[in-house]
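Take a look at the letters that make up each chain.
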Amino acid sequence: MPVPYIRHATLDDEETLGRLDRDTWSSLHSVQPRPQPPYEPFYNERFGPRDHLVAEIDGEVVGYIRLGSPTPLVCNSHVRQIQGLVVAEEARGAGAGRALLRAVREEARRHGARRLTLRVLGHNTPARKLYETEGFAVEGVLPGEFLLEGAYVDDVLMGCSL
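Residues numbered from 1 in each chain as written. Predicted model: local features only at pLDDT ≥ 70, side-chain atom pairs only at ≥ 80, totals over all residues. Heavy atoms only, no water.

### Let's talk about the sheet that holds strand β1 (residues 5-8)
For step 1, the next point in the chain: The strand order across the open sheet built from seven strands is β1-β2-β3-β4-β5-β7-β6, with neighbouring strands paired in mixed fashion. Unpaired on one side and paired on the other, β1 and β6 (137-148) mark the two borders of the sheet. Taken over all neighbouring pairs, the strand axes of this sheet differ in orientation by 25° on average, direction set aside.
For step 2, the next point in the chain: Bridge count for strand β4 (residues 79-87) against strand β5 (residues 115-121) is four bridges, and the pairing is parallel. Bridging from a neighbouring strand, R80 pairs with L116 of β5.
For step 3, the next point in the chain: Relative to strand β3 (residues 60-68), helix α2 (residues 96-110) is tilted by about 35°, and along the sheet it contacts β1, β2 (52-57), β3, β4, β5 and β7 (151-161).
For step 4, the next point in the chain: Of the strands in this sheet, β4, β5, β6 and β7 are in contact with helix α3 (residues 125-133), which crosses β5 at around 160°. (Pairing = 2+ DSSP bridges. Helix = DSSP H or I, 4+ residues; strand = E, 2+ residues; numbered from the N terminus. Axes fitted to C-alpha atoms, helices over the stretch in contact; angles between N-to-C directions. Contact = heavy atoms within 4.5 Å.)

### Quick look at helix α1 (residues 14-23)
For step 1, the next point in the chain: Those residues of α1 not exposed but buried are L17, G18 and L20. Buried residues of α1 fall within an arc of 160° about the axis and therefore sit on the same side. The exposed residues of α1 that point more than 90 degrees off its buried face are E15 and D23.
For step 2, the next point in the chain: Packed against the buried residues of α1 are β2, β3 and β4. (Buried < 20%, exposed > 50% of the residue type's maximum accessible area, 1.4 Å probe, protein only. Arc of directions from axis to C-beta.)

### Some remarks on the pairing of β7
For step 1, the next point in the chain: Pairing of β5 with β7 involves seven bridges; the strand directions are antiparallel. Paired with V120 across the strands is V156, a residue of β7.
For step 2, the next point in the chain: When β6 meets β7, the two strands line up antiparallel, connected through eight bridges. In the strand pairing of β7, L142 is matched with D155.
For step 3, the next point in the chain: If you look at the hairpin formed by β6 and β7, you'll find two residues sitting between the two strands, and E149 has a positive phi there, around 50°.

### Details of the packing of aromatic side chains
For step 1, the next point in the chain: Here the structure, examined in full by the defined rule, presents three aromatic pairs.
For step 2, the next point in the chain: Seen from their ring centres, Y131 and F136 are 5.9 Å apart, and the 65° between their planes marks the pair as edge-to-face. Here Y131 and F136 have matching classes, each one buried.
For step 3, the next point in the chain: The ring of F136 carries the charged tip of R105 above its face, separated from the ring centre by 5.9 Å. (Phe/Tyr/Trp six-rings, centres within 6.5 Å; stacked < 30°, edge-to-face > 60°. Lys NZ or Arg CZ within 6 Å of the ring centre and 35° of its normal.)

### Some thoughts on a negative patch on the surface
For step 1, the next point in the chain: A grouping of D23, D58, E60 and E90 is seen on the molecular surface, where their side chains present a negatively charged patch.
For step 2, the next point in the chain: Among the structural elements, D23 can be located in helix α1.
For step 3, the next point in the chain: On the basis of relative accessible area, D23 is assigned to the exposed category, the value being 62%. (Patch = residues over 30% accessible without salt bridge, like charges linked within 9 Å, V, L, I, M, F, W, Y side chains within 5 Å. Areas by Shrake-Rupley, 256 points an atom, 1.4 Å probe, with all protein chains shown as cover. Salt bridge = Lys/Arg side-chain N within 4 Å of Asp/Glu carboxyl O. Lys, Arg positive; Asp, Glu negative; His and termini not counted. Charge placed at Lys NZ, Arg CZ, Asp CG, Glu CD.)

### Structural notes on the pattern of salt bridges
For step 1, the next point in the chain: The full count for this structure, using the stated rule, is eleven salt bridges.
For step 2, the next point in the chain: The salt bridge partner of D51 is R50, with a shortest N-O separation of 3.7 Å.
For step 3, the next point in the chain: Its relative accessible area of 15% is what places D51 among the buried residues.
For step 4, the next point in the chain: Looking at R50, the relative accessible area reads 57%, which means it is exposed.
For step 5, the next point in the chain: Ionic pairing is found between R98 and E134, a salt bridge with its closest N-O pair at 2.6 Å.

### A closer look at the environment of D155
For step 1, the next point in the chain: Inspection of the secondary structure assignment puts D155 in strand β7.
For step 2, the next point in the chain: Looking at D155, the relative accessible area reads 3%, which means it is buried.
For step 3, the next point in the chain: With 34 residues separating them in the primary sequence, D155 and L121 have C-alpha atoms 4.9 Å apart.
For step 4, the next point in the chain: Excluding its chain neighbours within four sequence positions, the residues that come into contact with D155 are R119, V120, G140, V141, L142, E145 and F146.
For step 5, the next point in the chain: Here the side chain of D155 touches R119 through a polar contact of 2.2 Å, side chain to side chain. (Polar contact = N/O pair within 3.5 Å; in protein donor to acceptor, adjacent residues only side chain to side chain.)

So, in structure tokens, the structure goes:
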């Protein structure tokens, strides 16, 4: 399979990213209920194209990563947080997730970040393994933080220095 191409999102990507988000929804990684029509816009007042990198394979968008600030505090402005990583089912294993993680590290550095953090559900073993191989370490666990489909699931806090 070809190497993923990573670029900044554009306004024209909104429909594609929204569909990708809905198509990949799973309680493995989402604490929100499954999206139902009418669908909310993908971009909103908090997150726009500038906050997303997308992965393309053969000209088709197959994934995205969202980069934000964990808080609005000035004293926390040196930290960026991954607030979403999605890869289409058919593109998993092709390196899109890894390429997005590597690109977002560089993006965070360009914005002056010294740390990059994320939150991942404890039962999301594939994502946790990917994050660990890319240098993220578990920095905390909130045991049983979410009740998903009748089971209590940990919220795992991970981070790395840039």
